[in-house]
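Residue-level listing of the chains:
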Amino acid sequence: MIPSILPTYSRAPLSFVKGEGSWLIEADGSRYLDLGAGIAVNVLGHANPALVDALTHQAQTLWHVSNLYNIPQQQALADRLVEATFADTVFFTNSGTEACELAVKMARKYWYEKGQPERTEIITFDGSFHGRSSAGIAAAGSEKMVKGFGPLLPGFVHLPFGDHDALRAATTQTTAAILIEPVQGEGGIRVVPDQCLKGLRDLCDTHGILLIFDEVQCGMGRTGKLFAHEWAGVTPDIMMVAKGIGGGFPLGAVLATEAAASGMVAGTHGSTYGGNPLACAVGCAVMDIVATDAFLDGVNRRAGLLRQKLEGLVASHPQVFESVRGAGLMLGLKCRALNSDVVKAGYAAHVLTVPAADNVVRLLPPLNITEDEIAEAIARLDKAASALDQANT
Ligand SMILES: *Cc1c(COP(=O)(O)O)cnc(C)c1O
């Protein structure tokens, strides 16, 4: 018999009733150190007092009004994002998938309005993840995601990750945009080198193509800059944001330059819930904390410490781990053991991690994880790896 919850997830036998900072707590009181943070969502940990205040204050005032009216919290958050980034304008969504939908529509509308409606193709890369809508799965194109769900939304060209010749060959008079995650998340924490992001920007400028960055996972302070592309010193024309921006409340956004967004006039797009007062009040509170030099300096310091300790962990368990990769607090342990076994051994040691493709275990802790908690995380990961070492001898 089918379970009452559609069984699209194979869930771990864990169930949390409470969160406190970097910790998740079960009904019997057992505590787990959370290095997954709801998959890069809880950037300020669980039940952060500033976010709880922002949400409860807004909840007592006004939950929802339609986008038929002005929403001051939405205006405030849009102004903050425009001020802090390359963008001139923002549309709010409830998720990363919805941000992907708009990014695709915006890129195509841009060329349509320019009188080149044949430019509809969007170039994407193997191992990418852009959400689970029809456009999202067509964009990523992996067999695992698309099989059985055809006919797929046409107009996506999939290229091998890092193949510069293939990229040049695929860039034609029908190319509308290039869509890329500056750091692949689901694909196994694969960092696109700064040089390559610069090269992509140059290629797009040469051909007038739009550059879309998907920073749903790597954005909002995760890599130690507010957005990951800032490390490379280039900017996109369109950017997708979600996950961390709501700190755990559903919120996403598409940021764009005035030129890229020029086709999106009244009536071309909309959302009932997108940019509602509750989500945007929390988003503003997240920005107040995360979009400051002091906070991002702290992320870089903690990231350096965690990475250094992870290198030590890998060196002590060569049967289990191969290497550390990633940027900031978006780190991956490339495994020799099965990554799912490493995640499971973590459960037994009460530390939560997230598997990714390419046999990688992801570490995406709250960005305000403490140094003591980093030490505790390493102790627990070491315990998990020792259990696997033992199982293999
Ligand atoms: C999670 C994710 C998405 C999809 O976001 P949802 O909020 O799950 O719809 C899109 N792109 C990237 C890079 C992601 O990590």
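Predicted, not measured: the structure shown is a model, and the values here were computed from it.

Participant: I keep staring at the site of the ligand and nothing clicks. Help me out?
Facilitator: Surveying the vicinity of the ligand reveals the residues Ser-95, Gly-96, Thr-97, Phe-129, His-130, Gly-131, Glu-181, Asp-214, Val-216, Gln-217 and Lys-243. Interatomic distance of 2.9 Å between a backbone N/O atom of Gly-96 and an oxygen atom of the ligand. With respect to the ligand, the backbone of Phe-129 contributes an N or O atom lying 3.1 Å from a nitrogen atom. In the complex, 83% of the free accessible area of the ligand, which totals 380 Å², lies under the protein chains. Here the shell around the ligand is composed, by residue class, of 2 nonpolar, 6 polar and 3 charged.

Participant: I'm lost on the packing of aromatic side chains in this one. Help?
Facilitator: How two aromatic rings sit relative to each other is set out by the distance from centre to centre and by the angle between their planes. What the rule picks out here adds up to 2 aromatic pairs. With a centroid separation of 5.4 Å and 75° between ring planes, the pair formed by Phe-16 and Tyr-32 is classed as edge-to-face. Taken as a pair, Phe-16 in strand S1 (residues 16-20) and Tyr-32 in strand S3 (residues 31-34) lie far apart in primary sequence, 16 residues in all. Take Phe-16: its relative accessible area is 29%, and that puts it in the partly exposed class. Here the guanidinium or amino end of Arg-190 rests over the ring plane of Phe-161, the centre of that ring lying 4.1 Å away. Between Arg-302 and the ring centre of Phe-295, over which it is positioned, the NZ or CZ distance is 5.8 Å.

Participant: Looking at this structure, I do not really get the environment of Phe-156. What am I missing?
Facilitator: Here Phe-156 shows up in strand S6 (residues 156-159). For Phe-156, the contacting residues outside a window of four places in its chain are Val-104, Arg-108, Ile-122, Thr-124, Ala-135, Ala-138 and Ala-139.

Participant: Mind showing me how you'd approach the side chain of His-130 here?
Facilitator: Within the secondary structure, His-130 sits in the loop between strand S5 (121-125) and helix H5 (134-140). Taking the relative accessible area as the measure of exposure, His-130 reaches 2% and is therefore buried. Of the polar contacts made by the side chain of His-130, one reaches the side chain of Ser-128; its length is 3.4 Å. A polar atom in the side chain of His-130 sits 2.8 Å from the side chain of Asp-214. What His-130 contacts, discounting residues up to four positions off in sequence, is Thr-97, Cys-100, Gly-136, Ala-139, Ala-140, Leu-179, Glu-181, Asp-214 and Met-240.

Participant: Help me out: how do you make sense of the pattern of salt bridges in this one?
Facilitator: Opposite charge on two side chains allows them to pair when their charged atoms are near. Per the counting criterion, the structure on display carries 11 salt bridges. A salt bridge links Arg-168 to Asp-165; the nearest nitrogen and oxygen atoms lie 3.3 Å apart. Linking Arg-168 with Asp-165, this pair stays in helix H7 (residues 164-170), spanning 3 residues, or about one helical turn. You'll find Arg-168 and Asp-165 in the same group, each marked exposed. Among the ionic contacts, a cluster of salt bridges with common partners joins Arg-201, Asp-205 and Asp-237.

Participant: For this particular structure, what's the right way to read unusual backbone geometry?
Facilitator: Comment: phi is negative for the bulk of residues other than glycine, and the bulk of peptide bonds are trans. With an omega of -5°, the peptide bond running from Gly-150 to Pro-151 counts as cis. Position of Pro-151 relative to the elements: it lies in the loop between helix H6 (143-146) and S6. Even without a glycine there, the phi angle at Ile-189 is positive, about 50°. Inspection of the secondary structure puts Ile-189 in the loop between strand S8 (183-184) and strand S9 (190-191).

Participant: What am I meant to see in helix H3 (residues 72-84) here?
Facilitator: Since the α-helix turns once every 3.6 residues, residues separated by three or four places project in the same direction. Spanning 13 residues, H3 covers 18 Å between terminal C-alpha atoms, matching the ideal 18 Å at 1.5 Å per step. Buried within H3 we find Leu-77, Ala-78 and Leu-81. Around the axis of H3, the buried residues are gathered within 100° of arc, so they sit on the same side. Exposed residues pointing more than 90 degrees away from the buried face of H3 are listed as Pro-72 and Glu-83.

Participant: Explain the domain arrangement of the chain here, please?
Facilitator: How big an interface is tends to be expressed through the accessible area that disappears when the partners come together. By domain assignment, the chain separates into domain 1 (16-34 + 293-391) and domain 2 (50-290). With centres defined by C-alpha atoms, the gap from domain 1 to domain 2 works out at 28 Å. Considering only the surface of domain 1 that becomes buried against domain 2, Leu-296, Met-330 and Arg-362 emerge as the three largest contributors, covering 38% of it. Counting across the interface, domain 1 meets domain 2 through 1 salt bridge. Among the salt bridges present, the one from Arg-362 reaches Glu-186, with a minimum N-O distance of 2.9 Å. In this structure, the connection of domain 1 to domain 2 is made through 8 residue pairs in polar contact (both at pLDDT 80 or more). Of all the elements in the fold, those that place two or more residues in the side of domain 1 that touches domain 2 are helix H10 (293-316), strand S13 (321-327), strand S14 (330-335) and strand S17 (360-363). If one sorts the elements of the side of domain 1 that touches domain 2 by residue count, H10 sits on top with 4 residues.

Calculation criteria
Residues numbered from 1 in each chain as written. Predicted model: local features only at pLDDT ≥ 70, side-chain atom pairs only at ≥ 80, totals over all residues. Heavy atoms only, no water. Near = heavy atom within 4 Å. Polar contact = N/O pair within 3.5 Å; in protein donor to acceptor, adjacent residues only side chain to side chain. Areas by Shrake-Rupley, 256 points an atom, 1.4 Å probe, with all protein chains shown as cover. Nonpolar A, V, L, I, M, F, W, Y, C, P; charged D, E, K, R; others polar. Phe/Tyr/Trp six-rings, centres within 6.5 Å; stacked < 30°, edge-to-face > 60°. Helix = DSSP H or I, 4+ residues; strand = E, 2+ residues; numbered from the N terminus. Buried < 20%, exposed > 50% of the residue type's maximum accessible area, 1.4 Å probe, protein only. Lys NZ or Arg CZ within 6 Å of the ring centre and 35° of its normal. Contact = heavy atoms within 4.5 Å. Salt bridge = Lys/Arg side-chain N within 4 Å of Asp/Glu carboxyl O. Expected span 1.5 Å × (residues − 1). Arc of directions from axis to C-beta. Domains from an automatic or database assignment. Buried area = accessible area lost by both parts, 1.4 Å probe.

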